[in-house]
Amino acid sequence: MEEEAKTLKIEQTREGYKLTCKLTGWLDPNTSPELVSSLDLEGVSLLYFDMKNVEYVFSSGLRAFLMLQKALEPQGGIVKLINVSDNIRNIFEYAGFESMLDPKA
Amino acid sequence: MMTSFNSWLNNHSLKFKLNISILTCVLLGFLCLVFLISKQAEPIIKSQIDDNAQKTVETYGHEFAHLVSDTENIIINAKNTLNQTSESNLGALQTVLNSALKTVESSDLKFTNAWVYAFPPEDVSQGTLYISNHDEQNRLIDFHVEQVDNFYDFFPWFKKVPKEEKVYWSEPYFDKVLAKTVVTCLIPFKFAKQNDFNGLVALTVDLSDIERSINNFSFYETGKLLLLSRSGLYVTYPDPDVALKMTIFELADKLNLPPLKTIGRDLARGRKGQISIPNLPVFKGTAVFYYAPIPNIGWSFCLVYEQNYLLRPLHKFKIMMLVSLAICILLLLFVINWISRNATNQLITLGNIAENYGQGNFAESFTDKPLSTDIKQLAKALSDMRINLLDYINKERNVASEKQKALSELDIARHIQNSALATKYPQNKAFQVATKMIPAQQVGGDFYDFFFIDSNKFAVVVADVSGKGIPASLYMMKALTLIKNISRSKRSLDFVFHHVNEQLCEGNDTCMFVTAFMAVIDLTTGLTKFVNAGHNPPLICDKAKCQFLTPQRNIVLGINPKAVFIEETMQLNPHNQLFLYTDGVTEAENKTKEFYGEKRLLKIFEKATENPEENLKIVLNDIKKFTQNTPQSDDITMLDFVFYGAHFNSLTLAADNKKIADLIKFLKKDMNKHKIKEDTQFNVIMAAEEIFSNIAQYGYTTQKNASVTIHVNKIAEYYTLTFIDNGKKYNPLKNKNPDITQKITERSIGGLGVFLTKKLADTLTYTYQNRQNVLTIGIKLTEK
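Please read these numbers as outputs of a predicted model, since none were measured by experiment.

Definitions and cut-offs
- In this numbering scheme, every chain counts its residues from 1 along its sequence in written order.
- For this description, chains carry letters from A and ligands carry numbers from 1, given in the order in which they are written.
- Two thresholds apply to this predicted model, a pLDDT of at least 70 for residue-level local features and 80 or more for giving and counting side-chain atom pairs, whereas whole-chain, interface and lining totals are computed over all residues.
- As a rule here, side-chain values cover all heavy atoms of the structure and leave hydrogens and water aside.
- The helix and strand labels rest on DSSP assignments: H or I over at least four residues marks a helix, E over at least two residues marks a strand, and numbering proceeds from the N terminus.
- The cut-offs for exposure are 20% and 50% of the maximum accessible area for each residue type, with area from a 1.4 Å probe on protein chains only; residues under the lower value are buried, those over the upper are exposed, and the others partly exposed.
- Should any heavy atoms of two residues lie within 4.5 Å, those residues are considered in contact.
- Here the Shrake-Rupley method, with its probe set to 1.4 Å, supplies the accessible areas, and only the displayed protein chains count as covering residues.
- In the cavity and pocket records, a cavity denotes points on a 1 Å grid over the protein atoms alone where a 1.4 Å probe fits but cannot get out, a pocket denotes an open set with protein on both sides within 12 Å along at least 5 of 7 lines, and lining residues are residues with an atom within 4 Å of a point.
- Grid points are joined across faces, edges and corners, and a volume is the space filled by probe spheres set on the points.
- All residues other than Ala, Val, Leu, Ile, Met, Phe, Trp, Tyr, Cys, Pro, Asp, Glu, Lys and Arg, Gly among them, are scored as polar; the first ten of these are nonpolar and the last four charged.
- We define a nonpolar core as any set of buried Ala, Val, Leu, Ile, Met, Phe, Trp, Tyr and Cys residues linked to one another through side-chain atoms lying within 4.5 Å.
- Aromatic contacts are taken between Phe, Tyr and Trp rings whose centres are within 6.5 Å, Trp giving its six-membered ring; a plane angle under 30 degrees counts as stacked, one over 60 as edge-to-face, and the others as tilted.
- Geometrically, a charge over a ring is one whose NZ (Lys) or CZ (Arg) sits within 6 Å of the ring centre while staying within 35 degrees of the ring normal.
- Should DSSP find at least two bridges between two strands, the strands are taken to pair.
- Axes here refer to lines fitted to C-alpha atoms; in helices the fit is confined to the stretch in contact. Angles between the N-to-C directions go from 0 to 180 degrees.
- Pairing of N or O atoms within 3.5 Å defines a polar contact, subject to two protein rules: one partner must be a possible hydrogen donor and the other a possible acceptor, and residues neighboring in sequence count only if both atoms are side-chain atoms.
- Within this analysis, patches are made of residues with over 30% relative accessible area and no salt bridge. Like charges are joined at 9 Å or less; nonpolar side chains (Val, Leu, Ile, Met, Phe, Trp, Tyr) at 5 Å or less.
- One speaks of a salt bridge when a side-chain nitrogen belonging to Lys or Arg is within 4 Å of a carboxyl oxygen belonging to Asp or Glu.
- Two residue types count as positive, namely Lys and Arg, and two as negative, namely Asp and Glu; His and chain ends fall outside the count.
- For the purpose of locating charges, the reference atoms are NZ of Lys, CZ of Arg, CG of Asp and CD of Glu.
- Should the near helix be turned counterclockwise from the far one by less than a right angle, the crossing is left-handed, whereas a clockwise turn marks it as right-handed.
- Roughly parallel refers to an angle under 35 degrees, roughly antiparallel to one over 145, roughly perpendicular to one between 65 and 115, and oblique to any angle outside these ranges.
- When two components associate, each loses some accessible surface as probed by a 1.4 Å sphere; the sum of these losses over both components is called the buried area.

Q: Describe the overall build of chain A, naming the residues involved and giving the relevant values.
A: A tally of regular secondary structure across chain A gives four helices and four strands. Helices and strands appear in chain A in the N-to-C order α-β-β-α-β-α-β-α. A total of 105 residues make up chain A; the buried ones form 49% of that total. By sequence separation, contacts in chain A at least 24 residues apart represent 62% of the contacts at least 6 residues apart. Summed over its atoms, the accessible surface of chain A is roughly 5000 Å², and 48% of this surface lies on carbon and sulfur atoms.

Structural data, given as structure tokens:
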């Protein structure tokens, strides 16, 4: 029941043009729209997501990242994901979203 | 014609037929009689009346002629005497008249007077008339002499001096002094020594007697006799306005009856004849006139009579006959109805009693019924039948009670047999089993069995013993027990069947045999071992289709003790099912002796569900629909085994994205139980979420009853998930893949989920059956 109560937690850290979001939980059709709507992208050109505590990114999560990327593009911003697990990395690769990932260390 | 009449007659009751036939005969007889009487009697009667008319006229004519000749004779005698006498001799004249009158007196004649008239030879009109005066006894009293100045005043028809000596008759006339109808007869003579006629002697005859006689005469009540003078004047006529006043010609004109003139002309010529005049007012119907002249005088008689007068009583007689016929027919009707009602009532009584016999009620007997002799014979036959039937029923009752006893023994046998068959279906997540057996007789030769060999191995058997009834059922018990017992040894199935066969062959003098199919399923792996002993090949089905297994046939059990049986192996996957049956299913016959057959069985199994009990009902209904209540000739036995696998698990969720957490929790728990690696678990959950959220988002148009059932299973090296939903038909495998080579910012946001699922799953199948989307994915369990 606790998962249902809160399946995604977002911690935002703003440093000038750079916005870092630490995500906890998973990105599913219920939580992904919240991710898009809760971020203030004004003046942001670098959007970092810390994926360390993310369990799953479903296709709705992929779509959310895509939408954010598209929103940042006019102002020359980019989306970057850090601390991505191998499993999630596989998903991004399957979907052709490798460009959002950090090159693997 | 004749046959249609016969069939018409047969459609009516005896009463009706009797009425028709008897009454027709009577009616025909009577009508013939009436017809014959008319034909025979009428002419006779007619000629009779004509004869009588002729005779009557002749008789009257004769009498009248007699009167005429008598009168003329007297006159002629008187004339002869006067011829010798001189006119002046008054005494002689008196004597002549006297003797003439004396002669008249002695005859039947009646006269009113007699006279002599003397006239000069050249003139008749003036002369002397000597008239006799006589008393009532016709005796001459004196002589009356009278000078006549004009003789014509008396006799207008006698104007000329007579030239020859002949008798003259006057027309009849009415003497007013005497009030009588009279006629005068006269003859000229010559006094002695004279050359020319100078005298007349006359006699006036009284006709009143004749007139009366004629008027009083009636011919057959209505017929009348008429006397006519020479000129056609009616001397007598019923109407006094006509008598002596009218001639027949005048009357013909008055009454407008031309035939009367014909009669008048005939009579003037002295002819006789007969004329019929129809519709004469005085007579009813046709009147006949018979007429004949009277000799010498030129007068005639005419008889008028009714032609049909004598026929009238004949007509009356005919009417009376018809009336009596009607009465007779009524009487006959009554009598026939009474007789036939009596007869048919007895028959109906007999019929009712016979009907009672037919319904098994033999209480009523015939002996106390009053019956007519001819029906007694039938009653006796029925009575004999009753006695025979009662005897027969008693015998049958004894036989039936014997049978009942045997049947109750059969009941016990059936009970024992039924109790030997497994009935309690095991409750197990890995499979469901159901059986159905419908014996053709009270005890059957078919049997089925299912039992656990150990906690992970489940055995199913279906077998068919040759023959039927008690012997087959005893043999069946033996086979059933052997198979179960030897299976407990946990040895291979070839071993089991070999030993069962060996023992069934022992002492099998009656050469009975058993066909059997047995399978043992490993519930963890689905690995299935089976052996066939000459039995029908079972059906094996997965979600997509069914087919007949093609096992080794092998020999039947119980024939050859050295027979070898080969055990075979196959893989049962989750949601596969195995359907075992006996030939009672495929050889079920309809009315045209057609078999139900394997094709129909295969076809009906397309409708199979995952509920084996339901499946058996579907098959059985299909067989019943085919056979249409044709009596079953062989036992029908079926066993359906639906396999889910030992690791089968299931969850049903509302089709709502809010349930994703529940889905993930269920999957994690199930996979942890099977100790599945984290990476694989991640892939399973990823794929499951994509499929579930896809159904939740697009599958249903309304949220009411929108749900998804997920079956999970681990079988061999795969973890499988099956998603079942009742939403609109949708095959995700046909989805177009998104172009992942495009630059990321140009990508559309749809189609990713299905694409990811395809990437993650190792196997993917989709079917649409029973209005359900069924999508199964399998993910390989890797060793890492």
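Q: Quick rundown of empty space enclosed by the protein? Include the residues and the values.
A: Residue and element names in this part refer to chain B. Per the counting criterion, the structure on display carries one cavity of 30 Å³ or more. A volume near 30 Å³ is recorded for the largest cavity. Around the largest cavity sit Ile74, Ile75, Ala78, Leu97, Ala100, Ala114, Val201, Ala202 and Leu203, which together line it. For the lining of the largest cavity, the secondary-structure elements that each account for two or more residues are helix H2 (14-83), helix H3 (90-106) and strand S7 (199-206). Residues belonging to the lining of the largest cavity are distributed by class as follows: nine nonpolar, no polar and no charged.

Q: Kindly report on the nonpolar core, identifying the contributing residues and their values.
A: Membership of the largest hydrophobic core comes to 70 residues, with the highest contact counts inside it found for Leu47(A), Phe49(A) and Phe65(A). Contact partners of Phe65(A), with chain neighbours within four places excluded, come to Leu23(A), Leu27(A), Leu35(A), Phe49(A), Met51(A), Val57(A), Val79(A), Leu81(A), Phe92(A) and Met100(A).

Q: With reference to specific residues and values, describe the packing of aromatic side chains.
A: All names here are of chain B. What the rule picks out here adds up to 32 aromatic pairs over all chains. Residues Phe189 and Phe191 carry aromatic rings whose centres are separated by 4.9 Å and whose planes lie at 75 degrees to one another, so their mutual orientation is edge-to-face. The exposure class assigned to Phe189 is buried, which follows from its relative accessible area of 0%. The interplanar angle of 15 degrees and the centroid separation of 6.4 Å between the aromatic rings of Tyr448 and Phe450 together place this pair among those described as stacked. Taken individually, Tyr448 and Phe450 each receive the classification buried, so the pair is uniform in this respect. Over the ring of Phe197 we find Lys190, and its NZ or CZ is 4.8 Å from the ring centre. Of note, Arg491 hangs over the ring of Phe495, and the distance from its end group to the ring centre comes to 4.0 Å.

Q: I'd like a description of the sheet that holds strand S2 (residues 18-27) of chain A, backed by residues and values.
A: Picture the strands of a sheet paired through backbone hydrogen bonds; they go either parallel or antiparallel. Residues and elements named next belong to chain A. In spatial order, the strands read S1-S2-S3-S4; together these four strands make up an open sheet with mixed pairing. Each edge of the open sheet carries a strand with a single partner, namely strand S1 (8-15) and strand S4 (78-82). Pairs of neighbouring strands in the sheet enclose a mean axial angle of 20 degrees, with direction left out of account. Sheet strands touched by helix H4 (residues 86-95): strand S3 (46-57) and S4. Its angle to S3, the strand with the most contacts, is close to 115 degrees.

Q: With reference to specific residues and values, describe the side chain of Thr776(B).
A: Residue and element names in this part refer to chain B. Note that Thr776 resides in strand S27 (residues 772-780). Thr776 gets classed as buried once you look at its relative accessible area, which sits at 18%. In this structure the side chain of Thr776 is engaged in a polar contact, spanning 3.2 Å, whose partner is the side chain of Thr722. Ignoring anything within four residues of it in the chain, the contact list for Thr776 reads Leu721, Thr722, Thr763, Leu764 and Thr765.

Q: Tell me what's going on with a nonpolar patch on the surface, and back it up with residues and numbers.
A: Residue and element names in this part refer to chain B. A contiguous nonpolar surface patch, about 820 Å² in accessible area, is contributed by Ile319, Val323, Ile327, Leu331, Phe334, Val335, Trp338 and Ile339. Looking at where Ile319 falls in the secondary structure, it is placed in helix H7 (residues 311-358). The exposure class of Ile319 is exposed, given its relative accessible area of 54%.

Q: How would you summarise the pairing of strand S10 (residues 273-277) of chain B if you had to cite specific residues and measurements?
A: All names here are of chain B. Side-chain alternation along S10 places Gly273, Ile275 and Ile277 on a buried face and Gln274 and Ser276 on a face that remains uncovered. Across five bridges, S10 lies against strand S11 (residues 287-293) in antiparallel orientation. Bridge pairing in S11 links Ile275 to Phe289.

Q: Describe in detail the layout of surface pockets, supporting the description with residues and values.
A: Residues and elements named next belong to chain B. Here the largest pocket defines a volume of roughly 790 Å³. Lining the largest pocket are 30 residues, with Thr112, Asn113, Asp175, Leu178 and Thr204 sitting closest to its centre. Sorting the residues of the lining of the largest pocket by element identifies strand S1 (111-118), strand S2 (127-134), strand S5 (173-175), strand S6 (180-189) and S7 as the ones contributing at least two each. At five residues, the largest contribution of residues to the lining of the largest pocket is made by S2. As a volume, the second largest pocket reaches approximately 660 Å³. Lining the second largest pocket we find 28 residues, and of these Asn573, Pro574, Asn576, Thr765 and Thr776 sit closest to its centre. Element by element, the count of residues in the lining of the second largest pocket is highest for S27, at five residues. When the residues that make up the lining of the second largest pocket are grouped by side-chain class, the tally is 12 nonpolar, 12 polar and four charged.

Q: Summarise a positive patch on the surface; cite the residues concerned and give the values.
A: A cluster of basic residues, Lys429(B), Lys665(B), Lys669(B) and Lys673(B), forms a positive patch on the protein surface. Structurally, Lys669(B) can be placed in helix H14 (residues 660-673).

Q: Which residues make up the pairing of S11(B), and what values do they have?
A: All names here are of chain B. Within S11, six of the seven residues are buried, leaving the element largely enclosed by the surrounding structure. One ladder, built from seven bridges, connects S11 with strand S12 (residues 300-306); its direction is antiparallel. If you follow Val288 over to S12, its bridge partner there is Tyr305.

Q: I'd like a description of the packing of helix H9 (residues 469-487) of chain B against helix H10 (residues 493-505) of chain B, backed by residues and values.
A: Residue and element names in this part refer to chain B. Where H9 contacts H10, the two axes come as close as 9 Å, and the packing angle between them is 145 degrees. The two elements H9 and H10 cross, and the hand of that crossing is right-handed. Mapping the contact onto sequence places Tyr475, Lys478, Ala479, Leu482, Ile483, Ile486 and Ser487 in H9 and Phe495, Val496, His499, Val500, Gln503 and Leu504 in H10. Looking at the contact of H9 with H10 residue by residue, the class counts come to nine nonpolar, three polar and one charged.

Q: Lay out the packing of H2(B) against H7(B) with the relevant residues and their values.
A: Residues and elements named next belong to chain B. H7 packs onto H2 with a crossing angle of 165 degrees between their chain directions and a minimal axis gap of 10 Å. Accordingly, the angle class assigned to the pair H2 and H7 is roughly antiparallel. The handedness of the crossing between H2 and H7 comes out as right-handed. For the contact of H2 with H7, the per-class residue count stands at 20 nonpolar, six polar and four charged.

Q: Provide a residue-level description of the interface of chain A and chain B, including the pertinent values.
A: The partner chain B presents 26 residues to the 26 residues of chain A that form the contact. Regarding the contact of chain A and chain B, the summed buried area is about 2600 Å², with carbon and sulfur atoms giving 66% of it. Counting the surface chain A buries against chain B, the share from its top three residues, Tyr56(A), Phe58(A) and Tyr94(A), is 23%. Linking chain A with chain B are one salt bridge, by the criterion used here. Measuring nitrogen to oxygen at the nearest pair gives 2.6 Å for the salt bridge that ties Lys668(B) to Glu55(A). Summed over the shared surface of chain A and chain B, the number is three residue pairs in polar contact (both at pLDDT 80 or more).

Q: Can you break down the pattern of salt bridges residue by residue, with the values?
A: Opposite charge on two side chains lets them pair, provided their charged atoms get close. All names here are of chain B. Scanning all chains against the criterion turns up 12 salt bridges over all chains. One salt bridge connects Lys79 with Glu165, and the closest N-O pair in it is separated by 2.2 Å. Residue Lys79 is found in helix H2, and its partner Glu165 is found in the loop between strand S3 (140-148) and strand S4 (168-169); the two are separated by 86 residues along the sequence. Here Asp411 ties to Arg414 by a salt bridge, and the two come within 3.0 Å at their closest N and O atoms. Within this pair, Asp411 and its partner Arg414 are both found in helix H8 (residues 373-420), separated by three residues, close to a single helical turn.

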